[in-house]
Amino acid sequence: MSLLRIRGLEVRYGGIRAVKGVDLEVAQGELVCLIGANGAGKSSTLRAVAGLVPTAAGSISFGDREISGVPAFRRARAGLVMVPEGRGIFSRLSVEENLAMGAYARADSGVASDRARVFELFPRLAERRDQIAGTLSGGEQQMLAIGRGLMSRPTLLALDEPSMGLAPMAARRILEVIRDINRAGVTVLLVEQNAQGALALAHRAYVMESGEIALSGEGRTLLADPRVREAYLGETPA
Amino acid sequence: MLEELAGLKRHPAAPWVGTAAVALALLALPFALAAAGTTWVRITNLAFLFVLLSLGLNIVVGFAGLLDLGYIAFYAVGAYVYALLASPHFGLHWPFWAILPIGAAVAALFGVLIGAPTLKLRGDYLAIVTLGFGEIVRIFLNNLSRPVNITNGPQGIARIDPFRIDGIDFSKSDTVFGLVFSGPIKYYYLLLVVLVAVIFVCLRLQNSRIGRAWEAIREDEIAARAMGIDTTRLKLLAFAMGASFGGVAGGMFSAIQGFVSPESFVLVESIMVVSMVVLGGMGNIWGVILGALLLSFVPEFLRFTVEPAQRQLFGKVLIEPEVIRMLIFGFALVLVMALRPGGLWPSAVRKRELTARDVPAAGRTR
Amino acid sequence: MSALLEAHNVSKRFGGIEALADVSFSISRGQIFGLIGPNGAGKTTLFNLLTGLSPPDRGSFALDGRSIAGLKPDRVAAHGIARTFQNIRLFANLSALENVMIGRHVRTRAGVLGAVLRGAATRDEEAGIERRAAELLDYVGIRSRANEAAGNLPYGDQRRLEIARALATDPVLLALDEPAAGMNASETAELRALLKRIRDDGTTLFLIEHDMRLVMSVCDRVLVLDYGRRIAEGDPAEVQCDPKVVEAYLGDPSAERPQ
């Protein structure tokens, strides 16, 4: 069952068309990733999905609702939660306060147990619960950003380059965590530069180039595709 | 026909003809205004003083990016230095061409004194501290009448000498070649000369190593330091230069008005100058001039039309001109910020800043 | 090869956290010296201490035998250490050319008087600044973007612009903080070539990086930090096999392959 459907999406910045007509679909429970070079339009696509940039053309539907005109905060409340590029944590608040902000729109009683689960997922954050977020390392901040996203009880979690700037081991760990979150029932749309790591996890993937979808298919298939291997996995052709 | 005119614009002599036309208009203006009444020449002189102030503040706010909300303090310092050295108060009557440089230097010193404690502050905090200092200067001037009477307190200093040079007295009228050069008209020409000099200095500064260093500080102070820019010295330099323009304007204000008191240097005047800079186009010298001229002239025009209009419509004045002036400022600010946040004539850099897409710190994606 | 930069027992605490503890190392002239380690290991903190952004609690750095302790960032740059930033700190609203011209500030002299009077000396200096800036844009390969706003450049070009700006200060030591972050394979290859060219042209490089392929192919020597302490140092091949490094940072390489 399709949770997120994008048809003919166009995003413009001033005169520049960053996204030129993209069709994309994420089914319930899937982990779909979007890879491509810098400037290909992956981040712009994700930000349009989250409502952070306006849609110049095309439609986005979430569940059975058309959401292209819906403001970002309403999309988050409806379960479409974004973890932005560069983490976007509140650097002057503590770890605990950041997580609390994730649950801002929730009035139910599950908040405390959700926080406990985030700390289970990220024991390093538990150790540092009172620490000011701006003093955490890059990897810890990324974990915090994901944890905060989880606090909103997302149906779909959209992540923009979570492994960027992380040490190899931390990057691998973050991707593993994302896989675990997906296995626990959260649908995931993942934009990644680290094509190797992302394709290994994904059920399905799309490759973007110059604002359009160039390739799509199952994660494994794309990982073995020679075009992908050459362009994105840095392998020289045989 | 329009195409021909457009073609003329591209003619190599066009900028010179344009400049000559503007220059002639400016030279002839005071006589045209005088025909409508000497008041208009006085209003123009005051407008020119505000242009001078705006250009000075533009160095601090527009070039270096330091939000100074207490700028009027330097105007006050310049005004009082002149008043103290050219009035019956201390019995000193030094010539204006000696006092103005002193006024500029003293104002620059105050610029450094006010700037130094603010060096580590950013944004809001810098604004608040400079606002505080502006007020402190005014209150000082108000209170420095005891135990030794330096500034004569709230009564201010009166009978300040007008400018005099070579037998030309700026407070009297002289007739030359059949043209009547009234006091205000003489001040007009002097102000014009000073403005041209100041504009020249600002343009040169903007396009120089120092100007670039200020831009760097404004854009990213940490990166600027990492590139070897002594941000401390350059910020103080911005404060000092901006303040010195205020000092010169203050000296001229003293002479033109013949009287100074702390009342002329209240907080709202600082806000007024900031408004002129921001509304006109922060960072763009021509925008700033436009802002200052508009915000000086428009309220006066309105006063001359709205008062009689009110009398005609309602038989009396319902809204005082001063109130109208304030209403206009507020309204103009709101309108410009909503429709053209870069100002009426934004600098290229500011335009980029405001149309920059919401891209994250790493500056990625198109 | 003589020591260009020496660090002696550099230590720094932030609140309760020990960001760096007794870190010592030495970089020789003409080397490309790599600094690797997990996030939070103290790498960027080390750069910040080196360039004078904050003072070490203990220990010091010496450049060419002379201590640079207590110097502010602008003095450090004047002495010949230039840097780039992990999160790219360009003057976003200024053009690429202007960014690099600002890099020349520390090696030029014109002051207020020079600016206003614009005598022959100042005019020559300004022409020289613009010329050198254009050369540097050419050197890093982004000459065609000279008049574009720095913030509008594609990511890879922004990183190169930051390097050009740092080179404009005529440094003896260039400290690069994750220059390859976010770059794809071909961009990284170009960066590798650029780094080698910079070194061959006489500037010593000090490099923080996570991209192990780049580190292996370009660095002469690598220092590994973890939790603020040095856990290994040596040539890249040695360091990559060091079990302490594998445990703390590289992890099991077999995990990289697809399932």
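Residues numbered from 1 in each chain as written. Chains lettered and ligands numbered in written order. Predicted model: local features only at pLDDT ≥ 70, side-chain atom pairs only at ≥ 80, totals over all residues.

A count of helical and extended segments in chain B gives 14 helices and six strands. For chain B, the C-alpha radius of gyration of 22 Å lies close to 21 Å, the compact-globule estimate for 366 residues. The proportion of buried residues among the 366 residues of chain B is 46%. Relative to all contacts within chain B whose residues are 6 or more apart in sequence, the contacts with residues 24 or more apart total 74%. (Helix = DSSP H or I, 4+ residues; strand = E, 2+ residues; numbered from the N terminus. Rg over C-alpha atoms; globule rule 2.2 N^0.38 Å. Buried ≥ 20, exposed ≤ 12 C-beta atoms within 10 Å, placed from the backbone. Contact = placed C-beta atoms within 7 Å.)

This next bit is on the interface of chain B and chain C. Contacts between chain B and chain C engage 32 residues on the former and 34 residues on the latter. If you list the elements that add at least two residues to the side of chain B that touches chain C, you get helix H7 (183-206), helix H8 (209-219), helix H9 (221-226), helix H10 (231-257) and helix H14 (348-355) of chain B. For the side of chain B that touches chain C, the element with the most residues is H8(B), which contributes eight residues. Class assignment of the residues belonging to the side of chain B that touches chain C gives a composition of 15 nonpolar, five polar and 12 charged. (Nonpolar A, V, L, I, M, F, W, Y, C, P; charged D, E, K, R; others polar.)

Let us look at helix H7 (residues 185-200) of chain C. Residue and element names in this part refer to chain C. Here H7 spans 23 Å end to end across 16 residues, near enough to the 22 Å set by a 1.5 Å rise per residue. Regarding H7, the residues found buried are Thr188, Leu191, Leu195 and Ile198. Buried residues in H7, looked at end-on, bunch into an arc of 80°, giving them a common side. Away from its buried face, by an angle of more than 90 degrees, H7 presents the exposed residues Ala193, Arg197 and Asp200. Packed against the buried residues of H7 are strand S3 (32-36), strand S7 (173-177), strand S8 (204-208) and helix H8 (212-218). Positive phi shows up at Gly202, right after H7, with a value of about 115°. (Expected span 1.5 Å × (residues − 1). Arc of directions from axis to C-beta.)

Take the environment of Tyr249(C) next. Secondary-structure assignment places Tyr249(C) in helix H10 (residues 243-250). Residue classification places Tyr249(C) among the buried residues on the basis of 26 C-beta atoms within 10 Å. Those residues in contact with Tyr249(C) that lie beyond four places of it in its chain are Ala167(A), Met169(A), Ile36(C), Gly37(C), Pro38(C), Val224(C) and Asp226(C).

It is worth spelling out the environment of Arg221(C) at this point. Residue and element names in this part refer to chain C. Inspection of the secondary structure assignment puts Arg221 in strand S9 (residues 221-226). Classification of Arg221 as partly exposed rests on a count of 18 C-beta atoms within 10 Å. For Arg221 and Gln31, which are 190 residues apart along the polypeptide, the C-alpha to C-alpha distance reads 7.7 Å.

Counted at 1.5 Å a residue, the expected span for helix H4 (residues 72-85) of chain B with its 14 residues is 20 Å, and the 20 Å between its end C-alpha atoms agrees. Of all 14 residues making up H4(B), 14 are buried, and the element is well covered by its neighbours.

Turning our eyes to something else, we now look at the interface of chain A and chain C. Every contact between the two is made by 22 residues of chain A and, on the other side, 22 residues of chain C. Of all the elements in the fold, those that place two or more residues in the side of chain A that touches chain C are helix H6 (138-150), helix H7 (168-183) and helix H8 (195-201) of chain A. The biggest single contributor to the side of chain A that touches chain C is H7(A), with four residues. Residues belonging to the side of chain A that touches chain C are distributed by class as follows: 10 nonpolar, 10 polar and two charged.

The next subject is the domain arrangement of chain C. Residue and element names in this part refer to chain C. In terms of domains, chain C is made up of domain 1 (1-80 + 171-259) and domain 2 (91-169). Just the C-alpha atoms count here: the centres of domain 1 and domain 2 sit 27 Å apart. Taken together, the contact between domain 1 and domain 2 spans nine residues of the former and nine residues of the latter. Of all the secondary structure elements, the ones that give two or more residues to the side of domain 1 that touches domain 2 are helix H2 (73-79) and H7. In terms of residue class, the side of domain 1 that touches domain 2 is built from seven nonpolar, one polar and one charged. (Domains from an automatic or database assignment.)

We now examine the confidence of the model for chain B. Put simply, chain B has an average pLDDT of 87, and 94% of its residues get 70 or more. Contacts for the low-pLDDT stretch residues 357-366 of chain B, under 50 throughout, to residues beyond four places or in other chains number 32 contacts. (pLDDT = per-residue confidence, 0-100.)

Before going further, it helps to examine the packing of helix H5 (residues 120-140) of chain C against helix H6 (residues 155-167) of chain C. All names here are of chain C. Look at H5 against H6: their axes get within 9 Å of each other, and the N-to-C directions meet at 135°. Considered as vectors, H5 and H6 are oriented oblique to each other. In the packing of H5 onto H6, the handedness of the crossing is right-handed. The segment H5 lies against H6, with Leu136, Leu137, Tyr139 and Val140 engaging Arg160, Ile163, Ala164 and Leu167. Looking at the contact of H5 with H6, its residues break down into seven nonpolar, no polar and one charged. (Axes fitted to C-alpha atoms, helices over the stretch in contact; angles between N-to-C directions. Parallel < 35°, antiparallel > 145°, perpendicular 65-115°, else oblique. Left-handed = near helix turned anticlockwise from the far one by under 90°.)

Looking now at the confidence of the model for chain C. Residues and elements named next belong to chain C. Averaged over every residue, the pLDDT of chain C is 91; the share at 70 or more is 97%. Across chain C, the element-wise mean pLDDT spans from 85 in H10 up to 97 in strand S6 (residues 81-83). Overall fold confidence for the complex sits at a pTM of 0.86, while the interface term, ipTM, reaches 0.92.

Residues and elements named next belong to chain C. Across the sheet, which stays open at both edges, the six strands sit in the order S6-S7-S8-S3-S9-S10 with mixed pairing between neighbours. Only two strands of the sheet have a single neighbouring strand rather than two, namely S6 and strand S10 (229-234). Neighbour to neighbour, the strand axes of the sheet diverge by 20° on average, direction disregarded. As paired elements, S9 and S10 share five bridges and run antiparallel to each other. Bridge pairing links Asp226 to Arg229 in S10. Lying over the sheet, helix H1 (residues 43-50) contacts S3, S6, S7, S8 and S9, oriented at roughly 145° with respect to S7. (Pairing = 2+ DSSP bridges.)

What follows deals with the packing of H4(B) against helix H5 (residues 96-115) of chain B. Axis angle and axis distance: for two packed helices, these are the angle between their axes and the distance between the axes, and together they describe the pair. All names here are of chain B. In contact at an axis separation of 9 Å, H4 and H5 are set at 140° when each is read in the N-to-C sense. By crossing handedness, the relation of H4 to H5 is classed as right-handed. Two secondary-structure elements touch here, H4 through Ala73, Phe74, Val77, Gly78, Val81, Tyr82 and Leu85 and H5 through Ile99, Ile102, Gly103, Ala104, Val106, Ala107, Phe110, Gly111 and Ile114. Counted by class, the contact of H4 with H5 contains 13 nonpolar, three polar and no charged residues.

All names here are of chain C. Reading across from one edge, S2-S1-S4-S5 is the order of the four strands in this open sheet, with antiparallel pairing throughout. A strand with exactly one partner marks an edge of an open sheet, and here the two such strands are strand S2 (17-28) and strand S5 (66-67). Of the pairings in the sheet, the one linking strand S1 (residues 3-14) to strand S4 (residues 58-63) comprises five bridges and is antiparallel in character. Counted as the bridge partner of Ser11 is Arg58 from S4.

So, about the environment of Phe62(A). Residues and elements named next belong to chain A. Structurally, Phe62 is set in strand S4 (residues 57-62). Sequence separation between Phe62 and Glu212 is 150 residues, and the spatial gap between their C-alpha atoms is 21 Å. Aside from chain neighbours lying at most four places away, what touches Phe62 is Leu3, Leu4, Ile67, Arg75, Ala78 and Leu80.

Our focus in this paragraph is the nonpolar core. Burial of nonpolar side chains together is a common tendency in soluble globular proteins. Within the largest apolar cluster, 255 residues are counted, with the highest numbers of intra-cluster contacts made by Ala158(A), Leu199(A), Ala73(B), Ala76(B), Val77(B), Ala238(B) and Val273(B). Residue-level mapping places this core at the junction of two domains, with at least three residues from each of domain 1 (1-80 + 171-259) and domain 2 (91-169) of chain C. (Core = buried A, V, L, I, M, F, W, Y, C linked by C-beta atoms within 7 Å.)

Residues and elements named next belong to chain C. Relative to S2, S1 runs antiparallel, the two being bridged by eight bridges. Each residue of the ladder has a partner; that of Ala7, found in S2, is Phe25. The turn joining S1 and S2, which pair antiparallel and follow one another in sequence, is formed by two residues; a positive phi near 60° is taken by Gly15.

To continue, consider the pairing of S7(C). Residues and elements named next belong to chain C. Across the five residues that make up S7, a large majority, five, are buried. Here S7 shows a buried face lined by Leu173, Ala175 and Asp177 and a second buried face lined by Leu174 and Leu176. As judged from the three bridges shared by S6 and S7, these two strands associate in the parallel manner. In the strand pairing of S7, Arg83 is matched with Ala175. As a crossover connection, the stretch from S7 through H7 into S8 is right-handed. (Right-handed = clockwise from strand over helix to strand, strands pointing away.)

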